[in-house]
Amino acid sequence: MPIHLLQIAKKLAHDAGKLALKYQEKGFSISTKSSPIDLVTEADKACEELILKTIRAHFPDHSILSEESPAIEQSGDYKWIVDPIDGTGNFAHGLPFYAISIAIVHKGKPIIGVVEIPALKETFWAQEGRGAYLGNKQIHVSKRDKLQQSMFATGFPYARESDRYRKNIELFDAFYKASNGVRRFGSAAIDLCFTAAGRFDGFWEYALKPWDIAAGKIIMEEAGGMVTNMDGSLFNHKLENILASNGLLHSEMLRVIKEHGADKV
Ligand code: IPD
Ligand code: CA
Ligand code: CA
């Protein structure tokens, strides 16, 4: 196992987190992307540059997929998947729920995930076959097996006229009524890590990109959780939708999703 890659991913996430906190203090410019609500800040770009320049310098044959830059395809077996700030809307409003998300994939298989939440001083990480951790403490998904006692998380796509958006409003209502509560924190990476740590019992969302979930997915699975597409099939980034749970609630969650015709949207 390439331990040094884990240490480098952790250091990069930590350093980018420190940089994000500095921007929170000194202020930053904000611009828009696909729509007026899809934001990117000066800090997103600075954090990305900090991470990418180290990867390029130390691992010139590694591929990189990072949200704010063109993808780099190289000949080596490793690929880094980076979201320099997941939860940019929160970051722009001074809310603490934003994270730096870094995953490393080897020959197509995710092997390392690191999610740093600088404002909460929390680092979630996992390495294939070694479990998932919050700092030095191993984490596990919850043991709740009843919807009514469970707390869920979801998120909504920026495209607010889409079928997926409307369907998720319906699903939010259904899960809200069937459970102890549903939260919308605004960072898919954090939602996955909080589910991995048993704070949430399950999470679902449509229209996500690989950089939103690559690190969180391996952290979830190493914490004993289950991750599939929203129709219950083997997870596939191309469908862009995700259902993550403690495993015990997975079939009940799928039942609710199917009942609302939300599995194939
Ligand atoms: C977003 C967050 C959010 C999710 C959006 C993502 P960004 O990422 O993960 O929770 O609902 O779909 O795009 O834009 O803050 O990196
Ligand atoms: Ca993101
Ligand atoms: Ca982002």
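The following refers to the structure shown.

Cut-offs used in this document
- Residues numbered from 1 in each chain as written.
- Chains lettered and ligands numbered in written order.
- Predicted model: local features only at pLDDT ≥ 70, side-chain atom pairs only at ≥ 80, totals over all residues.
- Heavy atoms only, no water.
- Donors = N, O, S within 2.8 Å, 3.2 Å for Na, K, Ca; no water.
- Helix = DSSP H or I, 4+ residues; strand = E, 2+ residues; numbered from the N terminus.
- Buried < 20%, exposed > 50% of the residue type's maximum accessible area, 1.4 Å probe, protein only.
- Lys, Arg positive; Asp, Glu negative; His and termini not counted.
- Salt bridge = Lys/Arg side-chain N within 4 Å of Asp/Glu carboxyl O.
- Polar contact = N/O pair within 3.5 Å; in protein donor to acceptor, adjacent residues only side chain to side chain.
- Contact = heavy atoms within 4.5 Å.
- Near = heavy atom within 4 Å.
- Areas by Shrake-Rupley, 256 points an atom, 1.4 Å probe, with all protein chains shown as cover.
- Domains from an automatic or database assignment.
- Disulfide = S-S within 2.5 Å.
- Core = buried A, V, L, I, M, F, W, Y, C linked by side-chain atoms within 4.5 Å.

**With respect to the coordination of the calcium ion (ligand 2)**
Looking at the calcium ion (ligand 2), one finds its protein donor set to be Asp 83 (OD), Asp 86 (OD) and Asp 212 (OD), positioned 2.1 to 2.2 Å from the metal centre. Linear spacing of the donor residues for the calcium ion (ligand 2) on their chain is D-x2-D-x125-D. For the pair the calcium ion (ligand 2) and the calcium ion (ligand 3), the metal-to-metal distance amounts to 3.7 Å, and Asp 83 bridges them. Placement of the pair is Asp 86 in strand β4 (residues 78–86) and Asp 212 in helix α6 (residues 210–222), with a sequence separation of 126 residues. With respect to burial, Asp 86 and Asp 212 carry one shared label: buried.

**Regarding the coordination of the calcium ion (ligand 3)**
For the calcium ion (ligand 3), every protein donor is listed as Glu 67 (OE), Asp 83 (OD) and Ile 85 (O), and the spread of their distances is 2.1 to 2.3 Å. The buried category is assigned to Ile 85, whose relative accessible area is 1%.

**A word on the side chain of Asp 38**
You can see Asp 38 is positioned in the loop between β1 (30–32) and β2 (39–41). Notably, Asp 38 is buried but unbridged: the nearest opposite-charge side chain belongs to Lys 33, and the N-O separation is 4.3 Å. Within the structure, Asp 38 has its side chain in polar contact with the side chain of Ser 34 (distance 2.6 Å). Residues contacting Asp 38, with those up to four places away along its chain left out, are Ser 31, Thr 32, Lys 33 and Tyr 158.

**What about the site of ligand 1?**
The environment of ligand 1 is made up of 15 residues, and the closest members are Asp 86, Gly 87, Thr 88, Tyr 158 and Glu 205. Here an oxygen atom of ligand 1 and a side-chain polar atom of Glu 205 are 2.5 Å apart. Here ligand 1, which alone exposes 380 Å², has 94% of that area covered by the protein. Per-element tally for the shell around ligand 1: the top contributor is β4, with three residues. Here the shell around ligand 1 spans two domains, and each of domain 1 (4–139) and domain 2 (147–259) adds at least three residues to it.

**Here's the deal with the environment of Gln 138**
If you trace the backbone, Gln 138 turns up in strand β9 (residues 137–139). Overall, the relative accessible area of 37% leaves Gln 138 in the partly exposed class. Sequence separation between Gln 138 and Ala 197 is 59 residues, and the spatial gap between their C-alpha atoms is 8.8 Å. The contacts of Gln 138, once residues within four sequence positions are left out, are Arg 130, Gly 131, Ala 132 and Tyr 133.

**Remarks on the state of the cysteines**
The term disulfide refers to a covalent linkage connecting the sulfur atoms of a pair of cysteines. Enumeration according to the criterion identifies zero disulfides in this entry. Summary of cysteine pairing: Cys 47 is not part of a disulfide, and the nearest cysteine sulfur, belonging to Cys 193, is at 17 Å. Overall, the relative accessible area of 0% leaves Cys 47 in the buried class.

**Some thoughts on the nonpolar core**
Formed by 36 residues in total, the largest nonpolar core has its most connected members in Val 115, Phe 124, Phe 203, Ile 219 and Ile 242. Secondary-structure elements contributing two or more residues to this core are β5 (99–106), β6 (109–117), β7 (122–127), β10 (151–154), α5 (188–196), α6 and β14 (242–245). When we break this core down by domain, the ones giving at least three residues each are domain 1 (4–139) and domain 2 (147–259). Residues within four places of Phe 124 in sequence aside, it is in contact with Gly 113, Val 114, Val 115, Ile 117, Tyr 133, Leu 134, Ile 139, Cys 193, Phe 194, Ala 197, Arg 199 and Ile 219.

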